[in-house]
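# Remarks on the overall topology
Given next are the chains, with one letter for each unit.
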Amino acid sequence: MQYSPFFFYILAFVLIAASLAVVLARNPLYNVLALVVAIFSLSCLFVLLEAYFVGMILLLIYAGAVLVFFLFVVMCLNLNTLNLNSAAQSRFRVFGTTVGLMFLALFGLATKSFIKAQALEASSIRGTIETIGQILFTNYLLPFELTSLLLLIAIFGIVSLAQGAFSTGKDEPIA
């Protein structure tokens, strides 16, 4: 099914604007909410590319579960903006500039590989459940299991942070 490029450009613009809001917003709550918008627009782009399973899983897993954990941590820790002195700000600017230049270099490499991939013939692997499951549980089984372990560790970290945020400072026995 062919869609007009208008939808692609609208979703791409929303994705770029939301991604910039994730990075540039000063309030952590706004960062998380902008990340929800970015993930939703990315999911819509996958649906436009007829990778329905990937789009829906991205929407359900990240926007539905992982971002709820992020929001929970932000709300529990009551994070406020920091006032940094000029020395700390310059150190972060140097670090941010370095990371930005590295990102631009990687973006250039990704663009170069994309242009090379356009010259190759079309692949038979599409975004169906069967092909993704077969590849995920054969070639990428170890990274898949490590990712689930990482999410489990993140859950334990969130629970321990929440318990520290809600503690009164007294060692009271749990009844």
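In this report, we go over the structure that sits alongside the text. Each chain carries its own residue numbering, running from 1 in the direction its sequence is written. Totals for whole chains, interfaces and linings use all residues, but because this is a predicted model, local features are given only for residues with pLDDT of at least 70 and pairs of side-chain atoms are given and counted only at 80 or more. Note that the side-chain values use all heavy atoms of the structure and ignore hydrogens as well as water.

With that out of the way, let us pick up the overall build of the protein. When helices and strands are counted, the protein shows 6 helices and 0 strands. When its helices and strands are written in sequence order, the protein yields α-α-α-α-α-α. Using a 1.4 Å probe on the protein chains alone, a residue whose accessible area is under 20% of its type maximum counts as buried, one over 50% counts as exposed, and one in between counts as partly exposed. When burial is assessed residue by residue, the protein has 14% of its 175 residues classed as buried. Note on contacts: a residue pair is in contact if any heavy atoms of the two residues lie within 4.5 Å. The contacts of the protein with a sequence gap of at least 6 include a subset with a gap of at least 24, amounting to 60%. A run of H or I in DSSP becomes a helix once it reaches four residues, and a run of E becomes a strand once it reaches two; helices and strands are each numbered from the N terminus.

This paragraph deals with the packing of aromatic side chains. Only the six-membered ring of Trp is used, alongside the rings of Phe and Tyr, when aromatic pairs are assigned; centres must lie within 6.5 Å, and planes under 30 degrees apart are stacked while those over 60 apart are edge-to-face, with the rest tilted. Applying the stated criterion to the full structure yields 3 aromatic pairs. Ring geometry for F6 versus F7: centroids 6.0 Å apart, planes at 65 degrees, classification edge-to-face. For F6, a relative accessible area of 54% gives the class exposed. Summarising the aromatic geometry, the rings of F137 and F144 are spaced 5.0 Å apart at their centres and angled 80 degrees between planes, so their arrangement reads as edge-to-face.

Attention now moves to helix 2 (residues 28–48). Take the residue count of a helix, subtract one, and multiply by 1.5 Å to get its expected span. With 21 residues, helix 2 should cover 30 Å at 1.5 Å per step; its first-to-last C-alpha distance of 30 Å lies within 8% of that length. Buried within helix 2 are the following residues: P28, N31, V32, A34, A38, I39, S41, S43 and L45. One or two steps after helix 2, the chain reaches E50, where phi turns positive at roughly 65 degrees.

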